[in-house]
Amino acid sequence: MLAELLDPMKNPLTYAVPFFLLSIAIELAALKWLDHDDNVTGYALKDARTSISMGVGSILFLTVFKIITFFAFVFVFAHFALFELDTGAWWYWPALIVGLDFCYYWHHRFSHRVRIGWAGHQAHHSSEFMNFGTALRQKWNPWFEFFFWLPLPLLGFAPWTLFAAFAINLIYQFFVHTEVVGKLPRPIEWVFNTPSHHRVHHGSDPEYLDKNYGGILIVWDRLFGTFQAELHRPRYGLTHPVETYNLLTLQYGDYRKMAADVRAASSWRERVGYVLGPPGWKPDGSIDRGRTEAGTR
C-alpha cells in the first residue's frame, strides 16, 4: 500500500502538473497581450524562479511526510477508528473532501495564528506577486498537518484516501492564485474559495490580515468569523518585505529568529509565548504585527 501511495502515477498531482504549466503559460500570455489592470503584479523572473524552486523542494519533504504519517494513520485506523467507512460508497469521496477541507481550515488558521506554525507557513506568503507561480511557493515544513488530519482516520476514512483527497485540495488551490480572474458569480463566491477570496488572504493590508483560510470552501470562514470580501487590490507579501531570494532563509529564517527569542527570554512564560503565542507576541501582551518574521495575514 505504501508503494502505491508513493507511486507518482497514482498521485493526482502528477496529472495536474501539465495543467499547472499550461495555466502559467496562459496567464503570462494574458498579462502580455490582453487588456488588464496595469496594477496587476504579473511575474518577475527571480520571484518565479524562487517559487518554482520551493515547489520542487516541497516534493521531497511531502514524500517524507507521507511515509511518516502513513504508518501513524494506519496504526490509528487499525486500533482506534470508530468506524470503517466503505471507500466504494457514492458518498465517501465527497464526504472525505469536505471533511479534509474542514481540517485544512483549522490547520491553516493555526499556521497563521500560532508562531511555530507561522514560522513554517510564512514562506508561502513571502512573495509580493500574486500569480500561478506563487501557488508553487510551498513550505518545506508540513509536520503539524498530521494533528489536524488525525480525526479523519479516527472517523473511519482509509489512510491512503487522505493523501489523494489532499492532492485534490492542493490542485484546486493552485487555480485561486491569480489576478487575471475577477469575481465569479455570487453563488460560487458564497460557497467556494475563489481568486478574489484568496487575493485577500495573501494581502498584508490591515483589513485583510488573518482572513479567508478556506482551501476549497469559503463557507468555513463565513461560519467561523474569518471571512473578508475583497474591497480593493491587496498589497501582497509579508507586512515587511523579506528582501531575499535565499531559499533557506525564506524557509527557516523564522525558526532561527524564534529560537533567538526563546534563548533571550527571562521566564518560561516568555518562552512559551514566543513559541505558542500569536506571531509578533511580546512579553507585555502586545502583538507586533509589523515584524517581518511575525507579520500575520
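Criteria and thresholds
Residues numbered from 1 in each chain as written. Predicted model: local features only at pLDDT ≥ 70, side-chain atom pairs only at ≥ 80, totals over all residues. Heavy atoms only, no water. UniProt positions renumbered as here; feature names shortened; annotations may be inferred. Helix = DSSP H or I, 4+ residues; strand = E, 2+ residues; numbered from the N terminus. Phe/Tyr/Trp six-rings, centres within 6.5 Å; stacked < 30°, edge-to-face > 60°. Buried < 20%, exposed > 50% of the residue type's maximum accessible area, 1.4 Å probe, protein only. Contact = heavy atoms within 4.5 Å. Polar contact = N/O pair within 3.5 Å; in protein donor to acceptor, adjacent residues only side chain to side chain. Core = buried A, V, L, I, M, F, W, Y, C linked by side-chain atoms within 4.5 Å. Lys, Arg positive; Asp, Glu negative; His and termini not counted. Salt bridge = Lys/Arg side-chain N within 4 Å of Asp/Glu carboxyl O. Patch = residues over 30% accessible without salt bridge, like charges linked within 9 Å, V, L, I, M, F, W, Y side chains within 5 Å. Areas by Shrake-Rupley, 256 points an atom, 1.4 Å probe, with all protein chains shown as cover.

- The protein has the name Sterol desaturase/sphingolipid hydroxylase (Fatty acid hydroxylase superfamily) in an unreviewed UniProt entry, where Aeromicrobium tamlense is given as its organism.
- Per UniProt, the comment on the protein under Subcellular location (unreviewed entry) is "Endomembrane system".

1. Observations concerning the UniProt feature "domain: Fatty acid hydroxylase" (unreviewed entry) in the protein
Part 1 of the reasoning: Under the present numbering, the feature "domain: Fatty acid hydroxylase" (unreviewed entry) in UniProt falls on residues 95–226.
Part 2 of the reasoning: Segment residues 95–226 splits into 56% helix and 0% strand. End C-alpha atoms: 23 Å apart.

2. Quick word on the packing of aromatic side chains
Part 1 of the reasoning: Under the definition given, this model contains 32 aromatic pairs.
Part 2 of the reasoning: Ring plane angle 15° and centroid distance 5.0 Å describe the contact between Phe132 and Phe174, whose orientation is recorded as stacked. Here Phe174 lies in helix 9 (residues 159–174) and Phe132 lies in helix 6 (residues 132–135), a separation of 42 residues in the sequence. In this pair, the class of Phe132 matches that of Phe174, namely buried.

3. Structural notes on the environment of Phe146
Part 1 of the reasoning: Looking at the secondary structure, you find Phe146 in helix 7 (residues 145–149).
Part 2 of the reasoning: C-alpha separation for the pair Phe146 and Ile168, spaced 22 residues apart in sequence, amounts to 17 Å.
Part 3 of the reasoning: In contact with Phe146, not counting residues within four places along its chain, are Phe65, Thr69, Ala72 and Phe73.

4. Here we look at the environment of His124
Part 1 of the reasoning: Here His124 is to be found in the loop between helix 5 (115–121) and helix 6.
Part 2 of the reasoning: Owing to a relative accessible area of 9%, His124 belongs among the buried residues under this scheme.
Part 3 of the reasoning: Residues His124 and Leu238, spaced 114 residues apart in sequence, show a C-alpha to C-alpha distance of 9.8 Å.
Part 4 of the reasoning: Ignoring any residue separated from it by four or fewer positions in sequence, one finds His124 in contact with Thr134, Ala135, Arg137, Gln138, His177 and His202.
Part 5 of the reasoning: At a separation of 2.7 Å, a polar atom in the side chain of His124 contacts the main-chain carbonyl oxygen of Arg137.

5. Description of the nonpolar core
Part 1 of the reasoning: Counting 18 residues, the largest nonpolar core has Leu96, Trp149, Leu152 and Leu162 as its most contacted members.
Part 2 of the reasoning: When residues of this core are traced back to their parent elements, those giving at least two are helix 3 (45–80), helix 4 (92–113), helix 7 and helix 9.
Part 3 of the reasoning: By size, the runner-up hydrophobic cluster in this structure holds eight residues, among which are Ala16, Phe132, Ala135 and Ile171.

6. Regarding the side chain of Arg109
Part 1 of the reasoning: Along the chain, Arg109 falls in helix 4.
Part 2 of the reasoning: Asp221 is the oppositely charged side chain nearest to the buried, salt-bridge-free Arg109, at an N-O distance of 6.8 Å.
Part 3 of the reasoning: Setting aside chain neighbours within four positions, we find Arg109 in contact with Tyr213, Phe224 and Thr226.

7. Details of a nonpolar patch on the surface
Part 1 of the reasoning: On the surface, a cluster of nonpolar side chains totalling about 400 Å² of accessible area is made up of Phe19, Leu22, Ile26 and Phe175.
Part 2 of the reasoning: Mapped onto the elements, Leu22 comes out in helix 2 (residues 12–33).

8. Topic: the UniProt feature "transmembrane region" (unreviewed entry) in the protein
Part 1 of the reasoning: Mapped onto this structure's residue numbering, the UniProt feature "transmembrane region" (unreviewed entry) falls at residues 12–34, 55–83, 89–106 and 146–172.
Part 2 of the reasoning: The distance from the first to the last C-alpha atom of residues 12–34 is 31 Å, and the span holds 96% helix and 0% strand.
Part 3 of the reasoning: End C-alpha to end C-alpha, residues 146–172 measures 21 Å, and it is 81% helix and 0% strand.

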